[in-house]
Amino acid sequence: MIQKSVLELEILGKMPNEYMDDGEDIKLLEKKYKKNLESVKTPINFEEAKILITLFPDDIFYDLDYDLFSLIETFNSTSTHHKYESLIKSCNNSNYKELLISRFKNWKKLQQLD
């Protein structure tokens, strides 16, 4: 089941990029993203992660892009490595994609040490 706040984020769509001269319409949009991101209960499931991974801006958006990243990392990938890897590949932001790949590789290395 997909949380209502995740569905609301899906309706908002991909985050726009942040600019110094953003108007009131963007500030209102930022508040909507923030409210819904804060409402997401963790950990998220795979269906929710598939939605959230598509919402990254191309660059940055009032630090909400990092909040989005943090939510995606709550997806419990311990039993579904292949799903998580395919999820990462679908990330539309190259910086966050690299970060997710790196952190997942490190996590896998740690698991092999146990």
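That block above? That's the structure.
A quick note: this is a predicted structure, and the numbers were derived from the prediction, not measured.

Visitor: How should I be thinking about the packing of helix α2 (residues 24-39) against helix α4 (residues 64-72) in this particular structure?
Guide: For the pair α2 and α4, interaxial distance at closest approach is 11 Å and the crossing angle is 25 degrees. Considering their axes alone, α2 and α4 lie roughly parallel with respect to each other. Here α2 and α4 pass one another in a crossing that is left-handed. Side by side, α2 and α4 meet where E30, Y33, K34 and L37 of the first sit next to L64, D67, L68 and L71 of the second. Each residue belonging to the contact of α2 with α4 can be placed in one class, and the counts come to five nonpolar, no polar and three charged.

Visitor: How do you make sense of unusual backbone geometry when you look at a structure like this?
Guide: The peptide bond linking T42 to P43 adopts the cis configuration, its omega dihedral lying at 0 degrees. Following the sequence through the fold, P43 ends up in the loop between α2 and α3 (46-52). Even without being a glycine, Y62 presents a positive backbone phi close to 50 degrees. Its place among the elements puts Y62 in the loop between α3 and α4. Of note, the phi angle at D63 is positive, near 65 degrees, even though the residue is not glycine. Secondary-structure assignment places D63 in the loop between α3 and α4.

Basis of the calculations
- Residues numbered from 1 in each chain as written.
- Predicted model: local features only at pLDDT ≥ 70, side-chain atom pairs only at ≥ 80, totals over all residues.
- Heavy atoms only, no water.
- Axes fitted to C-alpha atoms, helices over the stretch in contact; angles between N-to-C directions.
- Helix = DSSP H or I, 4+ residues; strand = E, 2+ residues; numbered from the N terminus.
- Parallel < 35°, antiparallel > 145°, perpendicular 65-115°, else oblique.
- Left-handed = near helix turned anticlockwise from the far one by under 90°.
- Contact = heavy atoms within 4.5 Å.
- Nonpolar A, V, L, I, M, F, W, Y, C, P; charged D, E, K, R; others polar.

Just distances and angles here, no functional claims.
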